[in-house]
Amino acid sequence: MELESGSTNRQSRLKLYKSTLILAYQSFGVVYGDLSTSPIYVYTSTFSGRLRLHEDDDEILGVLSLVFWTLTLIPLCKYIVFVLGADDNGEGGTFALYSLLCRRAKLGLLHPSHSTDDDISSQDSCQLIKETRASSLLKEFFDKHHSSRVVLLLIVILGTSMVIADGILTPSMSVLSAVYGIKTKAGGLHDSYAVLITCLILVGLFALQHIGTHRVGFLFAPIILLWLLSISGVGIYNIIQWNPRVVSALSPYYVYKLFKLTGKDGWTSLGGIVLCITGAEAMFADLGHFSQLSIRIAFTAIIYPSLILAYMGEAAYLSKHKEDLQRSFYRAIPEVVFWPVFIIATLATVVASQAVISATFSIISQCWALKCFPRVKIIHTSNQMHGQIYIPEVNWMLMVFCLLVVIGFRDTDMIANAYGLTVVIVMFVTTCLMFLVIVMVWKRNILAAFIFVTVFGFVELLYLSSCLAKVAKGGWIPLIFSLIALSVMYIWHYGTLQKQSFESHNRTSLDMLLSLGPNVGINRVRGIGLIYTNVLSGIPPMFSHFVTSFPAFHQVLIFVTFQFLTTPRVSANQRFIVSRIGPAEFRLYRCIVRFGYKDARKDSYAFETDLIETVRVFLQHESDDGDARDSVSEMPVNQHESDCLRDDVSMRAENGSGAGLTRCKRVRFCGVDNSKELEDLEDAREAGLAYMMGNTCVLARETSSVVKKFAINIVYGFLRRNCRSPSTALGVPHTSLIEVGMAYRV
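Peer 1: Lay out the packing of aromatic side chains with the relevant residues and their values.
Peer 2: Following the criterion strictly, the structure yields 34 aromatic pairs and no others. For the ring pair Trp-242 and Tyr-317, a centre distance of 5.9 Å and an interplane angle of 80° mean the geometry is edge-to-face. Pair noted here: Trp-242 is in helix H10 (residues 213–242) and Tyr-317 is in helix H15 (residues 292–320), with a separation of 75 residues, a long-range link. Of the residues examined, Trp-242 reaches a relative accessible area of 29% and is grouped as partly exposed.

Put into structure tokens, the structure is as follows:
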């Protein structure tokens, strides 16, 4: 037995090693394309400004030293060592950090704690560490000042919107820079031809996205590996051929010397140097597609040393050919291998765009699930890796904006200024969130958090100050894009919360619904009615409106509420929470369906099968346990108790807030025949299903401010009308759908 156990453990370890290495291989084609292709434009962008006036060896070695230490501090130390460890159950990115703070430190506005996810939250209890004084003080501050939570959410949305802007600028910058390299050999080529080639490549890239990250990774990974081999080989050649002394630039002394010699000109050049870490955030944002270990192996073993050799080789060439500063990367390629390297470079920049496109899909999926983005179609492209997705609407919008940037600006220097600002803002937002994670989630000493922020935040703020100085020279591009994205996301989130608040406060009690029966002659028809609602208790106003207009509903009613929690995934055995509404003879049930923001939603048929099966198991379990088991049921508050009911009253939080507690009775049904309920459920199922949901028009009250009227009536109304309808997003068949029109004044 011990031999068999040892053999099984060895096989499982070998399987783990194999899967990790495969993921590391795939990560080259998905995660590291952007970071790997940065040598194409870093030196060119750095020396495009006033730094071109300083062309001595000390300045060139100083720039190399800055690049080396920036790569070492930010991607290696910050992301590989620290940030990757702050994953949210395997998921990364700005929203994953926020989700971690929402669930573990209760700082969020999206889904505060409520009873229906207590069991999921308890899964983290074993990881909880005793509160420190610093974490307690910060928690008290956020509890006391509600505006601080709003600011935190806005910071998160700012970082997210910058990632979306990055998804526009990365393909534009990387592909255009590569194509412009052809002018090294064909100086008379008009810029329009380079722009046309770039546009054709971009269209082809976005057209490939539907095949999925898994296939794209296998397709693109060899290109990046060949690219890394090429630039590291060229780098070694240039170091030996032109200036082996560049190795001394690894000393930080040359950074000091650069700023001493160049002063303000050296500071303005930082906007170009920061481009050497473009794509570093993708290592964290794309974490859900891979694993921590696979990303760390790929970076430390291949990416980091290859990039260092490439930058050192280019600096060695420049130290002997200062006249080539404006085309340094392609000029540094030996003549005999120029065309093969140029072709590989063009292909590699296409792959570079893949990293940020995948990250954009991932983070928009998180925003959508947490009600911070309009409804879009999310296609899961892999059965093995749940985080690998494709969003058609976002894909084509990114393509259109990329083409507009390339055609409208054509100048890589202006795009580089915009690109650098986007990258450094996203990184600084991550640093700020990491401070809260270290103190409030990891419960570490606040001194450790301050050291983290001081070291990495200082470097990023230095780069940010330089990039902000170039707002007028292209830096305004990401600010406009991110402002639009931020406004859309926040207004959608605000409008959704206002709509849910209205439904919560205007829900109808079961008492009122039952009292309508004798007056309006409510009839029950065969079949199952699935009522989609946002309220967790009571009767939604949409259903009350329907019943008063058409006094008939199905013999079995199931009120279905979807909850998207601030956790990546919910296990199948925790997906559904079923309870009764009223006595058993009413055949009314409530089912809360819980999803994590990374969970794949099933098609309508599979979902309704699982839902009805869950209700059947709920009834069967009651029948098997008999009187010995308590079942949760929502009873009308004023209904007279019968002799066969024994109850105790409990409190349940509604819609995640402490306000609005509903009374729920835990009752023991002594005389209920569950077999009859099961028969009725099966009979209703055979008769067919109908879906009911509200088609709401949300309007601001007449007394509301002008700003609120603009946000709700115009912006939110426009987004609601032009995004996917709830029925389409949920895959509800139109032939079985009943939509109830409602106008909400919020």
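Moving on from the model shown.
Peer 1: Which residues make up the nonpolar core, and what values do they have?
Peer 2: If you look at the biggest cluster of nonpolar residues, it comprises 194 residues, and the most contacted ones within it are Tyr-32 and Trp-227. Of all the elements, helix H19 (residues 412–441) adds the most residues to this core, at 20 residues. When neighbours within four sequence positions are excluded, Trp-227 is seen to be in contact with Ser-36, Thr-37, Ile-40, Phe-329, Val-341, Ile-344, Ala-345 and Ala-348. One finds Ile-531, Ile-539, Phe-553 and Phe-586 within the second-largest nonpolar core, a separate group that totals 28 residues.

Peer 1: Can you break down the side chain of Ser-306 residue by residue, with the values?
Peer 2: In this structure, Ser-306 sits in helix H15. A relative accessible area of 10% means that Ser-306 is categorised as buried. Excluding residues that lie within four positions of it along the chain, Ser-306 makes contacts with Leu-228, Ile-231 and Ser-232.

Peer 1: Describe the pairing of strand E5 (residues 576–581), with residues and values.
Peer 2: Most of E5 sits out of view: 5 of its 6 residues are buried. In the sheet, E5 pairs with strand E6 (residues 588–596) via 5 bridges, with the strands oriented antiparallel. Note that in E6 the partner of Arg-580 across the bridge is Tyr-589. Remark: 6 residues form the turn of the hairpin made by E5 and E6, two consecutive strands paired antiparallel; Gly-582 in that turn has positive phi of roughly 80°.

Peer 1: Can you break down the environment of Cys-467 residue by residue, with the values?
Peer 2: As for its placement among the helices and strands, Cys-467 is situated in helix H20 (residues 446–468). Judged by relative accessible area, Cys-467 falls into the buried class, the value being 1%. As a C-alpha pair, Cys-467 and Gly-272 span 195 residues in sequence and 8.6 Å in three-dimensional space. Here Cys-467 is in contact with Gly-271, Val-274, Gly-420, Leu-421 and Val-424, once residues within four sequence places are set aside.

Peer 1: Any chance you could break down the confidence of the model for the chain for me, citing the residues and the numbers?
Peer 2: Detailed conclusions should not be drawn from predicted coordinates in areas where pLDDT is low. Of the residues in the chain, 84% reach a pLDDT of 70 or more, and the chain-wide mean stands at 80. When pLDDT is averaged over each element of the chain, H15 comes out on top at 93 and strand E8 (residues 645–654) at the bottom at 32. Taken as a whole, residues 111–116 scores under 50 in pLDDT and shows 17 contacts with residues more than four places along the chain or in a different chain. In this model residues 627–672 is a low-confidence stretch, pLDDT under 50, and it forms 101 contacts with partners more than four residues away in sequence or in other chains.

Peer 1: Could you give an account of the packing of helix H5 (residues 94–105) against helix H8 (residues 146–180), with specific residues and numbers?
Peer 2: Across the interface, H5 lies against H8 with an axial gap of 9 Å and an inter-helix angle of 160°. Considering the angle they form, H5 stands roughly antiparallel to H8. Contacts from Thr-94, Phe-95 and Tyr-98 of H5 reach H8 at Leu-152, Leu-153, Val-156, Gly-159 and Thr-160. Class assignment for the residues of the contact of H5 with H8 results in 5 nonpolar, 3 polar and no charged.

Peer 1: I'd like to hear about the side chain of Ser-328, residue by residue, with values.
Peer 2: For Ser-328, the location among the structural elements is in helix H16 (residues 328–331). Under the relative-accessibility criterion, Ser-328 is labelled buried at 0%. Not counting residues up to four positions away in its chain, the partners in contact with Ser-328 are Tyr-43, Thr-44, Glu-314, Tyr-317 and Leu-318.

Peer 1: If you had to explain the pairing of strand E4 (residues 552–565) to someone new, which residues and values would you point to?
Peer 2: Among the 14 residues of E4, 13 are classified as buried, and the element is accordingly described as predominantly covered. Here 8 bridges tie strand E3 (residues 523–532) to E4, and the two strands are oriented parallel to one another. Bridge assignment links Asn-523 to a residue of E4, and that residue is Ala-552. Where E4 and E6 come together, 9 bridges link them in parallel fashion. In the strand pairing of E6, Leu-565 is matched with Gly-596.

Peer 1: Account for the pattern of salt bridges, naming residues and giving values.
Peer 2: Two side chains with opposite charge may pair up if their charged atoms get near one another. One pass over the full model with this rule turns up 14 salt bridges. Put simply, Arg-149 and Asp-143 hold a salt bridge, and the shortest N to O gap is 2.5 Å. Classification of Arg-149 by relative accessible area gives buried; the value is 12%. Here Asp-143 falls in the partly exposed class, since its relative accessible area comes to 45%. When the shortest N-O distance is used, the salt bridge between Glu-677 and Arg-580 registers 2.8 Å. Taken together, the residues span a long stretch of sequence, with Glu-677 in helix H25 (residues 674–687) and Arg-580 in strand E5 at a distance of 97 residues. The exposure classification of Glu-677 matches that of Arg-580, with both residues buried. Overlapping salt bridges, with partners in common, bring together Lys-139, Asp-143 and Arg-149 in one network.

Peer 1: Would you mind going over H5 in detail, with residue names and values included?
Peer 2: With 12 residues, H5 should cover 16 Å at 1.5 Å per step; its first-to-last C-alpha distance of 16 Å lies within 8% of that length. Here H5 lies mainly inside the structure; 12 of its 12 residues are buried. By the burial criterion, the buried members of H5 are Thr-94, Phe-95, Ala-96, Leu-97, Tyr-98, Ser-99, Leu-100, Leu-101, Cys-102, Arg-103, Arg-104 and Ala-105.

Peer 1: I'd like to hear about empty space enclosed by the protein, residue by residue, with values.
Peer 2: Scanning the entire structure with this criterion turns up 5 cavities of 30 Å³ or more. Considering only enclosed or pocket space, the largest cavity measures out at about 120 Å³ in volume. Forming the walls of the largest cavity are 13 residues, and the residues nearest its centre are Asp-166, Gly-279, Glu-281, Ala-282 and Val-356. With 4 residues, the single largest contributor to the lining of the largest cavity is helix H14 (residues 280–285). Counted by class, the lining of the largest cavity contains 9 nonpolar, 1 polar and 3 charged residues. In this structure, the second largest cavity encloses a volume near 100 Å³. Pro-39, Ile-231, Val-234, Gly-235, Asn-238, Ala-310, Gly-313, Glu-314, Phe-329, Ala-332, Ile-333 and Val-341 are the residues that line the second largest cavity. Secondary structure elements with two or more residues in the lining of the second largest cavity: H10 and H15. When residues in the lining of the second largest cavity are grouped by element, the largest group, 4 residues, is from H10. Of the residues belonging to the lining of the second largest cavity, the class tally is 8 nonpolar, 3 polar and 1 charged.

Definitions and limits used
- Residues numbered from 1 in each chain as written.
- Predicted model: local features only at pLDDT ≥ 70, side-chain atom pairs only at ≥ 80, totals over all residues.
- Heavy atoms only, no water.
- Phe/Tyr/Trp six-rings, centres within 6.5 Å; stacked < 30°, edge-to-face > 60°.
- Helix = DSSP H or I, 4+ residues; strand = E, 2+ residues; numbered from the N terminus.
- Buried < 20%, exposed > 50% of the residue type's maximum accessible area, 1.4 Å probe, protein only.
- Core = buried A, V, L, I, M, F, W, Y, C linked by side-chain atoms within 4.5 Å.
- Contact = heavy atoms within 4.5 Å.
- Pairing = 2+ DSSP bridges.
- pLDDT = per-residue confidence, 0-100.
- Axes fitted to C-alpha atoms, helices over the stretch in contact; angles between N-to-C directions.
- Parallel < 35°, antiparallel > 145°, perpendicular 65-115°, else oblique.
- Nonpolar A, V, L, I, M, F, W, Y, C, P; charged D, E, K, R; others polar.
- Salt bridge = Lys/Arg side-chain N within 4 Å of Asp/Glu carboxyl O.
- Expected span 1.5 Å × (residues − 1).
- 1 Å grid on protein atoms, 1.4 Å probe; cavity = no way out; pocket = protein on both sides within 12 Å on 5 of 7 lines; lining within 4 Å.
- Points joined across faces, edges and corners; volume = space filled by probe spheres on them.

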